[in-house]
Amino acid sequence: MKRAMDAVMDAIDIETYLICSSAQEGKQLALRLGEEMNLGEVDVMFEEFDGFGVRVRLRKYIYRPGSRYRWLDEGEKA
């Protein structure tokens, strides 16, 4: 059975709302969330603080631009 992770084209995005007192705290919490989820290095793609918390979108790159894409290797075998 094919692993779902092997079919990811480039990245996985996670969007959530974090309760915090500032945009800076929200960004720090978002980066910590990536660590706590064992995602390793994540990038904050979007953040919007509304006074109560921050809406954030995190991106975990499985393949960064220029990487050797696993799904291309499978296509060459076919």
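Residues numbered from 1 in each chain as written. Predicted model: local features only at pLDDT ≥ 70, side-chain atom pairs only at ≥ 80, totals over all residues. Heavy atoms only, no water.

Asks: I'd like a rundown of a nonpolar patch on the surface, residues and numbers included.
Replies: A cluster of nonpolar side chains, namely Tyr17, Ile19 and Phe52, defines an oily patch on the protein surface of about 380 Å² accessible area. Along the chain, Ile19 falls in strand E1 (residues 11–19). Here Ile19 falls in the exposed class, since its relative accessible area comes to 71%. (Patch = residues over 30% accessible without salt bridge, like charges linked within 9 Å, V, L, I, M, F, W, Y side chains within 5 Å. Areas by Shrake-Rupley, 256 points an atom, 1.4 Å probe, with all protein chains shown as cover. Salt bridge = Lys/Arg side-chain N within 4 Å of Asp/Glu carboxyl O. Helix = DSSP H or I, 4+ residues; strand = E, 2+ residues; numbered from the N terminus. Buried < 20%, exposed > 50% of the residue type's maximum accessible area, 1.4 Å probe, protein only.)

Asks: I'd like to hear about the nonpolar core, residue by residue, with values.
Replies: Listed in full, the 7 residues of the largest apolar core are Leu18, Cys20, Ala30, Val42, Val54, Val56 and Leu58. In terms of residues, this core owes the most to one element, strand E3 (residues 53–61), which gives 3 residues. Those residues in contact with Val42, other than ones at most four positions away along the chain, are Leu31, Gly34, Leu58, Arg59 and Lys60. (Core = buried A, V, L, I, M, F, W, Y, C linked by side-chain atoms within 4.5 Å. Contact = heavy atoms within 4.5 Å.)

Asks: So what's going on with the pairing of E3? Which residues, and what values?
Replies: In the sheet, E1 pairs with E3 via 9 bridges, with the strands oriented antiparallel. In the sheet register, Ala11 faces E3, and the bridge partner there is Tyr61. Bridging between strand E2 (residues 43–49) and E3 involves 6 bridges; their strand directions are antiparallel. Residue pairing across strands places Glu47 opposite Val56, the latter belonging to E3. Here E2 folds back onto E3, and the loop between the two strands holds 3 residues, one of which, Gly51, carries a positive phi near 100°. (Pairing = 2+ DSSP bridges.)

Asks: Got a sec to walk through the sheet that holds E2? Specific residues and values, please.
Replies: Pairing within the open sheet is antiparallel, and its 3 strands lie in the order E1-E3-E2. Looking at the sheet topology across the chains shown, the edges are occupied by E1 and E2. Ignoring strand direction, the axes of neighbouring strands in this sheet form an average angle of 15°. Docked against the sheet, helix H1 (residues 23–36) engages E1, E2 and E3, running at close to 145° with respect to E2. (Axes fitted to C-alpha atoms, helices over the stretch in contact; angles between N-to-C directions.)

Asks: Residue-level account of the environment of Glu48, with values.
Replies: Within the secondary structure layout, Glu48 lies in strand E2. Overall, Glu48 belongs to the partly exposed group, its relative accessible area being 48%. Those residues in contact with Glu48 that lie beyond four places of it in its chain are Gly53, Val54 and Arg55.

All quantities given are derived from atomic positions and should not be read as evidence of function.
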